[in-house]
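Read off the chains here:
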Amino acid sequence: MTEPVIRVTHLSKRFAGAGDTVTVLSELSFSLPDGGSLALTGRSGSGKSTLLNLLCGLETPDQGEVQAFGETFPAAGGRSPKAASERWARLRRRDIGVVFQDANLMPALSLGDNVRFRARLAGQTQASSAHWLAQLGIGELADRYPDQVSGGQRQRAALAMVFAMKPGLILADEPTGSLDHHTADAVADSLFSLQQSTGCGLILATHDPALAARCQYRLDLGHDQPVLTASSAAPSPS
C-alpha cells in the first residue's frame, strides 16, 4: 500500500465566538496516499480553509495530531510549541506548497523573480523558474510585475512558484474561485496536469463541483460526520 503523504487522526478545532465556542472540526481522521488528490467540499464555514491551515501548521489543533513527511504534530499544549512551529516552517519551505486564492505574489518582484525566490527558499535551482512559467503558458511574462498582468496570469505565476519548489504536497484554497469560467478551467487544467506529471499530492478546497470531481478523493465537511469518498479509479482511502 502506498505510504500516506499526510495523515490526520481525531483532529478537532474550536474558535472562541461572542460569548461562545464554535467547533469547526471534530474528531476528523483521514489520510491521503502519496501522489493522490483530495477535494475538500462543504458550505462556507464548514472548515475547509481551517483544515488546510492545520495541514500546513498555520493553525494548531485543539485535539488530535497531524503526521506529514515523517513528522508528527500533536494538538495545542504539546511540549515544545516553538519547536513545532520551526518544523512546520521547514516543511512549508521545502515540502508543502500552499496556493492562496489571491495568488500572494510579492508586488516588488517580477513574476520570474517571485518564482526564483520561492525556488531558492526550497533549495531548488533558479533555472527551474523559466521552465515552470513556460509550462503554465506565461513564460513571456517573466519580466512583468504582478500589477501588470491579469488575475489568471497571477494565479498561474503562483502555481509556478509552488511547482518550482518541487513539493511533495500542494494545498490550494479555492485556487480558481476568483477567476472567470474560461480562465478557471485553464488554471485547473494546468494544476492537475502538473500535479499528475510530478507525482505530488494535492488537497484543494473548493465550492466548484466540477473541480472537486477531478480529484481522486472527496471529503465533504458539510456534515456532522464528514464523508470521505473515492472515485472509481482511485484506490480505497484509508
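Our subject is the structure listed above.
Here we summarise the structure given alongside this text. These figures come from a predicted structure and were not determined experimentally. (Residues numbered from 1 in each chain as written. Predicted model: local features only at pLDDT ≥ 70, side-chain atom pairs only at ≥ 80, totals over all residues. Heavy atoms only, no water.)

### Points about the sheet that holds strand β2 (residues 21–33)
Stage number 1. Read from one edge of the open sheet, 4 strands run β2-β1-β4-β5, paired in antiparallel fashion. Each edge of the open sheet is held by one strand with a lone partner, namely β2 and β5 (71–74). Neighbouring strand axes in the sheet, compared pairwise and without regard to direction, differ in orientation by 15° on average.
Stage number 2. Inspection of the sheet shows strand β1 (residues 4–16) paired to β2 by 9 bridges, in the antiparallel sense. Looking at the pairing, L11 lines up with L28 of β2. (Pairing = 2+ DSSP bridges. Helix = DSSP H or I, 4+ residues; strand = E, 2+ residues; numbered from the N terminus. Axes fitted to C-alpha atoms, helices over the stretch in contact; angles between N-to-C directions.)

### Considering helix α6 (residues 181–198)
Stage number 1. If you check α6, its first and last C-alpha atoms are 26 Å apart, about what 18 residues at 1.5 Å a residue would give, namely 26 Å.
Stage number 2. If you check which residues of α6 are buried, you get T183, A184, V187, A188, S190, L191, F192, L194 and Q195.
Stage number 3. Those residues of α6 that are buried lie in contact with β3 (37–41), α4 (128–135), α5 (151–164), β8 (201–205) and α7 (209–213).
Stage number 4. Residue D180 occupies the N-cap position of α6, its side-chain oxygen lying 3.2 Å from the main-chain nitrogen of H182.
Stage number 5. Phi turns positive one or two residues past the end of α6, at G199, with a value near 80°. (Expected span 1.5 Å × (residues − 1). Buried < 20%, exposed > 50% of the residue type's maximum accessible area, 1.4 Å probe, protein only. Contact = heavy atoms within 4.5 Å. Polar contact = N/O pair within 3.5 Å; in protein donor to acceptor, adjacent residues only side chain to side chain.)

### Some details on the nonpolar core
Stage number 1. In this structure, L105, L111, L159, F163, I170 and L204 are the most contacted members of the largest nonpolar core, which totals 37 residues.
Stage number 2. Among the elements that take part in this core, α5 stands out by supplying 8 residues, more than any other.
Stage number 3. If we skip the residues at most four places from it in the chain, I170 touches G97, V99, V162, F163, C200, G201, L202 and I203.
Stage number 4. Grouped together as the second largest cluster of nonpolar side chains are 29 residues, L54, A68, F73 and L91 included. (Core = buried A, V, L, I, M, F, W, Y, C linked by side-chain atoms within 4.5 Å.)

### Observations concerning helix α2 (residues 81–94)
Stage number 1. With 14 residues, α2 should cover 20 Å at 1.5 Å per step; its first-to-last C-alpha distance of 20 Å lies within 8% of that length.
Stage number 2. Residues of α2 that are buried include every one of A84, W88 and L91, and no others. With its buried residues spanning 60° around the axis, α2 presents them on a single face.
Stage number 3. Tucked into the core, α2 has its buried residues touching α1 (48–55), β4 (63–68), β5 and β6 (96–99). (Arc of directions from axis to C-beta.)

### As for the packing of helix α3 (residues 111–121) against α4
Stage number 1. The N-to-C vectors of α3 and α4 enclose an angle of 125°; their axes lie 9 Å apart at closest approach. Judged on the interaxial angle alone, α4 and α3 are oblique. Seen along the crossing, α3 lies across α4 with a hand that is right-handed. Within the contact between the two elements, α3 uses L111, G112, V115, R116 and A119 and α4 uses S128, S129 and L133.
Stage number 2. The residue inventory of the contact of α3 with α4, partitioned by class, reads 4 nonpolar, 3 polar and 1 charged. (Parallel < 35°, antiparallel > 145°, perpendicular 65-115°, else oblique. Left-handed = near helix turned anticlockwise from the far one by under 90°. Nonpolar A, V, L, I, M, F, W, Y, C, P; charged D, E, K, R; others polar.)

### Digging into unusual backbone geometry
Stage number 1. One non-glycine residue, H10, lies in positive phi territory at about 50°.
Stage number 2. Residue placement: H10 occurs in strand β1.
Stage number 3. Here H10 falls in the partly exposed class, since its relative accessible area comes to 43%.
Stage number 4. Positive phi outside glycine occurs at A103, with the angle close to 75°.
Stage number 5. Within the fold, A103 resides in the loop between β6 and α3.

### What about the packing of aromatic side chains?
Stage number 1. Enumeration over the complete set of coordinates arrives at 2 aromatic pairs.
Stage number 2. Consider the rings of F73 and W88, whose centres lie 3.9 Å apart with planes at 20°: the pair is stacked. A residue pair is termed long-range when its members are at least 10 positions apart, and F73 in strand β5 and W88 in helix α2 qualify at 15 residues.
Stage number 3. Using a relative accessible area of 3% as the deciding quantity, one classes F73 as buried.
Stage number 4. Residue classification places W88 among the buried positions, given a relative accessible area of 6%.
Stage number 5. On the numbers, 5.5 Å between centres and 25° between planes, the contact of W132 with F163 is stacked. Here the residue W132 occupies a position in helix α4, and F163 occupies one in helix α5, the gap between them amounting to 31 residues. The two residues W132 and F163 agree in class, both being buried. (Phe/Tyr/Trp six-rings, centres within 6.5 Å; stacked < 30°, edge-to-face > 60°.)

By themselves, these figures tell us nothing about what the structure is for.
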